[in-house]
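Breakdown of the fold
Take a look at the letters that make up each chain.
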Amino acid sequence: MFGRLLFAYGLSLLLLTAGGCGAPPDFSRRPATGVMPVATPTPRAPIKYESPILGKLVAAAVERTNHQVEYDPSYFKIDYPNGDVPAGKGVCTDEVIRSFRAIGVDLQQEVHEDMRDNFPLYPRKFGLTKTDPNIDHRRVPNLMTFFERKARVLPLSGDAADY
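Scope of this entry: the structure provided in the associated data block. (Residues numbered from 1 in each chain as written. Predicted model: local features only at pLDDT ≥ 70, side-chain atom pairs only at ≥ 80, totals over all residues. Heavy atoms only, no water.)

Checked against the element boundaries, Asp136 lands in the loop between helix H4 (107-117) and helix H5 (140-150). Of the side chains with opposite charge, Arg139 comes closest to the buried, unpaired Asp136, at an N-O distance of 4.1 Å. (Helix = DSSP H or I, 4+ residues; strand = E, 2+ residues; numbered from the N terminus. Buried < 20%, exposed > 50% of the residue type's maximum accessible area, 1.4 Å probe, protein only. Lys, Arg positive; Asp, Glu negative; His and termini not counted. Salt bridge = Lys/Arg side-chain N within 4 Å of Asp/Glu carboxyl O.)

Encoded structure:
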């Protein structure tokens with residue numbers, strides 16, 4: 001299935017790096033007028049995707065912007081497979097995971113199985129000695145490694161049209 005998701009890595013990387021996966025942004029610093037400038041969207045023609053799966057993934061990611069999710073990097077014990085942290089909580093990776101789950105891909109299971117079978121290829125950033133299906137798929141370095149192993153890697157770009 002991942003061979004058909006040529007765009008998956010680029011989209012996921014874009015979602016993961018669009019503001020990072022750190023603390024929520026600080027909106028306390030506003031212009032002196034107290035009014036935040038608003039960009040006027042430019043009308044565009046609908047994007048045509050080479051893959052219907054890609055179109056569904058993009059639609060699922062866009063749909064996730066309608067949900068209010070409180071930033072919460074806490075460790076949660078969750079079901080396996082198809083486990084998720086509480087709906088109103090999460091971090092950037094949880095939004096990527098939820099977008100993929102909407103198109104029938106359980107990244108929790110996919111990442112866990114790949115890490116289990118290829119543990120030495122994954123980052124040792126977290127001092128792990130074995131896999132943990134509660135958290136492994138929620139870590140950016142693990143997802144980046146997984147997508148690099150399973151999908152075509154696209155170069156980073158500041159132009160959304162590249163993705």
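What follows concerns the packing of helix H3 (residues 92-102) against H5. Where H3 contacts H5, the axes come no closer than 10 Å and their chain directions differ by 40°. As summarised for this structure, H3 and H5 are arranged oblique, according to the angle between their axes. Mapping the contact onto sequence places Cys92, Thr93, Val96 and Phe100 in H3 and Val140, Leu143 and Phe147 in H5. Here the residues of the contact of H3 with H5 sort into six nonpolar, one polar and no charged. (Axes fitted to C-alpha atoms, helices over the stretch in contact; angles between N-to-C directions. Parallel < 35°, antiparallel > 145°, perpendicular 65-115°, else oblique. Contact = heavy atoms within 4.5 Å. Nonpolar A, V, L, I, M, F, W, Y, C, P; charged D, E, K, R; others polar.)

Further remarks concern unusual backbone geometry. Of note, the bond from Tyr80 into Pro81 is cis; its omega dihedral lies within 30 degrees of zero at -5°. Residue placement: Pro81 occurs in the loop between strand E1 (70-71) and strand E2 (89-90). The phi torsion at Asn82 lies on the positive side, around 60°, for a residue other than glycine. Along the chain, Asn82 turns up in the loop between E1 and E2.

Our next topic: the packing of H4 against H5. The interhelical angle for the contact between H4 and H5, taken along N-to-C directions, is 80°, at an axis separation of 11 Å. In terms of orientation, H4 and H5 fall into the roughly perpendicular class. The residues of H5 that touch H4, namely those facing Leu107, Glu110, Val111, Asp114 and Met115, are Asn142, Leu143, Phe146, Phe147, Arg149 and Lys150. Looking at the contact of H4 with H5 residue by residue, the class counts come to six nonpolar, one polar and four charged.

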